[in-house]
Amino acid sequence: MERKVRVRFAPSPTGPLHIGGVRTALFNYLYARRMGGEMVLRIEDTDSKRFVPGAEDYICEALDWLGIHFDEGVKQGGPHGPYRQSERRDIYRRYVKQLLDDGKAYIAFDTPEELEAARQATPNFQYDAATRVNMRNSITLGDEETQRLVDAGETYVVRFKIEPDRDVEVNDLLRGKVVINSNILDDKVLYKSADDLPTYHLANIVDDHLMEITHVIRGEEWLPSAPLHVLLYEAFGWADTRPDFVHLPLLLKPDGKGKLSKRDGDRLGFPVFPLDWHDPKTGELSKGYREAGYLPEAVVNFLALLGWNPGDDTEIMSMDELISRFGFDRCSRSGAKFDYEKGKWFNHKYLQELSDSQLADLFKPVLADAGVDIGRFSDDYIAKAVGMVKGRINFVKDLLSQAGFFFTAPDSYAPKDIKKRWSEDTPRIMGELIEVLRGLPSWKSADAEPVVLGWITDNGYHMGNVMNAFRLAVVGECKGPHMFDITELMGPDETISRIERAIERIKPGE
RNA sequence: GGCGAUUUAGUGUAGAGGCCUAGCACGCCGCCCUCUCACGGCGGAAACUCGGGUUCGAAUCCCGAAUUCGCUACCA
């Protein structure tokens, strides 16, 4: 019987969700939707030492912002709950007991110090079939003594009894059959009595089974422990419903070596988190894509193409298009260096698809923050200003430097441009320009342009110098959209007053 | 060190024996457009890790080496 596809995203709430984690969540989501399946969000908070308050809410908010929605999980509940591992203690205890009763696991009392000593004594110490007979555990101590110690309240762990010298096969949908000999596996700790919590490995297998997960899609860092998981499914007698594995390639640093980390973002100046994160302990702020000005669609599109491609040259794809085309047959197996420049380009493309008024709405708060009284400008004015410069922006905030002059007259002028375009007799020519402008029958760009250009050529003036001085006076520097489009929008009063202002304030360059 | 994975331009990738004088995109450079800066259009530089095979023919198949990454915790 074909089981309904069910996948899960299972982050650990130890801090803000990393962008690599976001991609893992995205691939899970795309696959689930593609297959008409379901996706659950499970919180793996089995490490009480690393738990960070707020991290869970952050994860939910971030994925929600990106449009990655869950069918079941910690926020929406569901028939397989609870979805927080710390609330499933009784379940894990039951399965730990089952393993113990079946002789598939044993209790060990070795203290961290004793383990450390063992590692010191033996170069490549590994707690396994060969060494467990020399340690303090239920195998060497016997059932009676073990029970006595447990009853006496001694802290212990439960270790998985790995059967030596077995070739364990992991069938990975991306990498094919990976075979690992069980001799290199150690007797992993499954449960710690100290905090009455399982470790990742046990909780993961139990939950995936109970939650009827069909596909475990996770980062490549889990590949080495996949054989252990396979063995665990066997030990529980769940081999027939064991999920398929997909180990996704990692996101790497743009330069140098290794996994992309928070430090790289700080060092290279880009976010590695979806949302801003204020660390509750250090008070430190980590920048997020949302606050940096990214559209969630752009982030999703960008991330989807890191390690996957649709098979043709299509690059801009909505979530629905990604879903309809996604598959592991087109995933790459090697790590992808994170290319922030390409990410900016995606945002640029998505910004271009917004209408002028949509962009204007996004721009208004930025303008207001910059101290502009936006009440003085009509929505139509803002939208038109935005429309003229949108082609040159990667972020909404870029609008400030590109279109700011539409809202505030320049209070300084680019020295470079003064030097090049503002000479001794420029003020006189600008004075003439004002008269020409005043005599204009129409301020429409198409009407005004031939008149002004005609005046320039008729007087034998230098086209570039006059027009750029004009631009310098109005914009503050020699950049921006077509000059007469600017003046049409700004209107005669503002335009002429800016020229007068410039004549007063600019000292000619040498 | 051990184990596993990985390997096409600076980056992300296409390519599944002849269609490859290796395609696309970002980035970079140049030209055009032009009152400026951009956008856009056009063009350019830039890659099959190496060594052996197999084959009439290999980026594509086989073997070996190297590379890079990951794992090697009472973290996930």
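So, here's what we can say about the structure. Just so it is clear, the model here is predicted, and its values are computed rather than measured.

Considering the nonpolar core
Formed by 158 residues in total, the largest nonpolar core has its most connected members in Phe338, Phe406 and Phe407. Counting residues per element, this core draws most heavily on helix H1 (residues 19-34), which supplies nine residues. Filtering out sequence-adjacent residues up to four positions away, Phe406 remains in contact with Phe377, Tyr381, Ala385, Met388, Ile486, Leu489, Met490 and Arg498. Residues Tyr106, Leu115, Ala118 and Val157 belong to the second largest nonpolar core, which totals eight residues.

Structural notes on the packing of helix H18 (residues 426-438) against helix H19 (residues 445-458)
Two quantities define a packed helix pair, namely the angle between the helix axes and the distance between the axes. In contact at an axis separation of 11 Å, H18 and H19 are set at 145 degrees when each is read in the N-to-C sense. The way H18 lies across H19 gives a crossing that is right-handed. Of the residues in H19, those touching H18 at Ile429, Glu432, Leu433, Val436 and Leu437 are Val451, Val452 and Trp455. Counted by class, the contact of H18 with H19 contains seven nonpolar, no polar and one charged residues.

Thoughts on the protein's contact with RNA strand B
In the neighbourhood of RNA strand B, 57 residues make up the surrounding shell, with Lys257, Arg392, Asn468, Cys478 and His482 lying closest. The protein-proximal atoms of RNA strand B, defined as those within 4 Å of the protein, are 71% sugar or phosphate. Contact distances for RNA strand B include 3.0 Å between a sugar or linking oxygen and a side-chain N or O atom of Arg50. In the environment of RNA strand B, a base nitrogen lies 2.4 Å from a nitrogen or oxygen atom belonging to the side chain of His482. Of all the secondary-structure elements, those providing two or more residues to the surface near RNA strand B are helix H4 (112-121), strand E5 (157-160), strand E8 (189-192), strand E15 (336-337), helix H13 (340-352) and helix H20 (463-475). Taken together, the residues of the surface near RNA strand B break down into 19 nonpolar, 14 polar and 24 charged.

About the cut-offs
- Residues numbered from 1 in each chain as written.
- Chains lettered and ligands numbered in written order.
- Predicted model: local features only at pLDDT ≥ 70, side-chain atom pairs only at ≥ 80, totals over all residues.
- Heavy atoms only, no water.
- Core = buried A, V, L, I, M, F, W, Y, C linked by side-chain atoms within 4.5 Å.
- Buried < 20%, exposed > 50% of the residue type's maximum accessible area, 1.4 Å probe, protein only.
- Helix = DSSP H or I, 4+ residues; strand = E, 2+ residues; numbered from the N terminus.
- Contact = heavy atoms within 4.5 Å.
- Axes fitted to C-alpha atoms, helices over the stretch in contact; angles between N-to-C directions.
- Left-handed = near helix turned anticlockwise from the far one by under 90°.
- Nonpolar A, V, L, I, M, F, W, Y, C, P; charged D, E, K, R; others polar.
- Near = heavy atom within 4 Å.
- Polar contact = N/O pair within 3.5 Å; in protein donor to acceptor, adjacent residues only side chain to side chain.

Distances and angles like these do not, on their own, reveal function.
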